[in-house]
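# Structural features, examined
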Amino acid sequence: MSITAILLAALVVGAVGILVGFLLVTAGEKFKVEVDEKEVAIRAELPGNNCGGCGFPGCDGLAAAIAKGEAPANGCPVGGAPVAAKISALLGEEASDVKRRVAFVRCSGDCDTALDKCNYVGIKDCRAAAVVPGRGAKHCVKGCKGFGSCVTVCKFDAIHVVNGIAVVDSSKCVGCGKCAATCPNGLIVMIPADAKYVVRCNSQDKGKAVKEACSAGCIGCSLCTKQCEFGAITMNGNVAVIDQEKCQACGKCAEKCPSKIIRKRGE
């Protein structure tokens, strides 16, 4: 092979390489995705659990929303006040006050107090049991089914089924709300971590019907509402509900409750 042929081949290869490089650079400039540096900085401060408790598809989604002004700086329930303060600083805003919230199970119907109406044979999942005739084995269809659907979605090992009922470990709960969103009976709610008194019942039955299903249910007597001087406790149908923002933790409602389903949290 002649020197001329070798040189020509080298020139052709070099020319093709230069052309391809030029095309790649041009394509990269034309189709590049603009990176929002503020969004990147916010994402770096988020914990990365991707739990969805903020209402967005993971931490990336929340970071993008905060950067666009579509979500507040304190939108991450897992990060809490420390993360909110850092993100507020990045945005040049004053840090918002973030009150830690934890999950609470509004049910006392464990294996010792709740009565069964049948022997449930089916998928051991609360959501599955909620759609079949009878809605599970327990007489109280509004109570905890005890199959642990909430346990399977918790990434923080903060909720477990104990004696047939879901129990939250507040020291581990980060307030993501996944368990609350999963419970088919709406039993699990998010309350302030410093809440003192709670109502451990979700039944809408009254009096005799409640006791036939569960010895620890709210009978709807409304005596508790008459005791509260702060207007913090009301009746939602036949079950008492405490407004934690108004509650002064005086304990009078708990003292008067004949069923003792109003009690200090953790008892």
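Overview of the structure. (Residues numbered from 1 in each chain as written. Predicted model: local features only at pLDDT ≥ 70, side-chain atom pairs only at ≥ 80, totals over all residues. Heavy atoms only, no water.)

### Remarks on the overall build of the protein
Rules: Each helix is a run of DSSP H or I of at least 4 residues and each strand a run of E of at least 2, with the numbering of both proceeding from the N terminus. A radius of gyration in this sense is built from C-alpha atoms; the matching globule rule multiplies 2.2 Å by the number of residues raised to 0.38. Under the scheme applied here, a residue whose accessible area is under 20% of the maximum for its type counts as buried, over 50% as exposed, and between as partly exposed, the area being computed with a 1.4 Å probe on protein chains only. Residue contacts are counted whenever heavy atoms from the two residues lie within 4.5 Å of one another. Values of accessible area rely on a 1.4 Å probe in the Shrake-Rupley scheme; residue burial ignores everything except the protein chains shown.
Summing up its helical and strand segments, the protein has 10 helices and 8 strands in all. Against the compact-globule benchmark of 18 Å for 267 residues, the protein has a radius of gyration of 28 Å, which places it well outside the compact range. Along the first, second and third principal axes, the C-alpha set of the protein runs to 105 × 50 × 25 Å. Across the 267 residues of the protein, 36% fall into the buried class. Of the contacts formed within the protein by residues at least 6 apart in sequence, a portion of 58% connects residues at least 24 apart. Carbon and sulfur atoms make up 58% of the accessible area of the protein, which totals about 14,900 Å².

### Thoughts on the pattern of salt bridges
To keep it simple, the criterion reads: Think of a salt bridge as a Lys or Arg side-chain nitrogen and an Asp or Glu carboxyl oxygen that are within 4 Å of each other.
Scanning all chains against the criterion turns up 6 salt bridges. E212 is the salt-bridge partner of K208, the closest N and O atoms lying 4.0 Å from each other. Taken together, the residues span about one helical turn, with K208 and E212 both in helix α8 (residues 208–213) at a distance of 4 residues. Here E229 and K252 are joined by a salt bridge, their closest N and O atoms 2.5 Å apart. Of the two residues, E229 sits in the loop between α9 (223–227) and β6 (233–236) while K252 sits in helix α10 (residues 252–256), which places them 23 residues apart along the sequence.

### Overview of the environment of R127
Within the secondary structure, R127 is located in helix α5 (residues 126–129). Sequence separation of R127 and T182 is 55 residues, and the distance between their C-alpha atoms is 7.9 Å. If we ignore the near neighbours within four places in the chain, the residues touching R127 are S149, T152, T182 and P184.

### Digging into the environment of A129
Relative to the elements of secondary structure, A129 occurs in helix α5. The class of A129 is buried, set by a relative accessible area of 0%. Between the C-alpha atoms of A129 and F147, which are 18 residues apart in sequence, the distance is 8.8 Å.

### Regarding the pairing of β6
So the rule is basically this: Pairing between strands is defined by DSSP: at least two bridges between them are needed.
When β6 meets strand β7 (residues 239–242), the two strands line up antiparallel, connected through 4 bridges. In the strand pairing of β7, N236 is matched with V239.

### Concerning the side chain of K138
Note the following rule: Positive charges come from Lys and Arg alone, negative charges from Asp and Glu alone, with His and the N- and C-terminal ends not counted.
Assignment of secondary structure puts K138 in the loop between α5 and α6 (149–153). The buried charged residue K138 lacks any salt bridge, with D116 as its nearest oppositely charged partner at 6.5 Å. The contacts of K138, once residues within four sequence positions are left out, are G109, A114, L115, D116, K117, C144 and G164.

### Section: the nonpolar core
Threshold: We call a set of buried residues a nonpolar core when its members are Ala, Val, Leu, Ile, Met, Phe, Trp, Tyr or Cys and they connect through side-chain atoms within 4.5 Å of each other.
Counting 23 residues, the largest nonpolar core has I159 and I188 as the members making the most contacts within it. Elements with a minimum of two residues in this core: β1 (101–105), β3 (165–168) and β4 (188–192). Broken down by element, the residue count for this core peaks at 4 residues, all from β1. Those residues in contact with I159, other than ones at most four positions away along the chain, are V105, C150, V151, C154, A166, V167, V168, C179 and I188. Counting residues in each nonpolar core, the second largest holds 16 residues, with C201, I233, V239 and I262 among its members.

### Details of the packing of helix α2 (residues 37–45) against helix α4 (residues 80–91)
The angle between the axes and the distance between the axes are what describe a pair of packed helices. As a reminder of what qualifies: As a rule, the C-alpha atoms of each element are fitted with a line to give its axis, helices using only the stretch in contact, and angles between N-to-C directions run from 0 to 180 degrees. Oblique is the label for any angle not covered by the other classes, which are roughly parallel (under 35 degrees), roughly antiparallel (over 145) and roughly perpendicular (65 to 115). Helix crossings fall into two classes, left-handed where the near helix is turned counterclockwise from the far one by less than a right angle and right-handed where it is turned clockwise. Note that Gly is not counted as nonpolar here; it falls among the polar residues with everything else outside the nonpolar set of Ala, Val, Leu, Ile, Met, Phe, Trp, Tyr, Cys and Pro and the charged set of Asp, Glu, Lys and Arg.
Look at α2 against α4: their axes get within 9 Å of each other, and the N-to-C directions meet at 165°. Regarding the angle of α2 to α4, the classification is roughly antiparallel. Classified by chirality, the crossing of α4 by α2 is right-handed. Of the residues in α4, those touching α2 at K38, A41, I42 and E45 are V83, K86, I87, L90 and L91. Classifying every residue of the contact of α2 with α4 gives 6 nonpolar, no polar and 3 charged.

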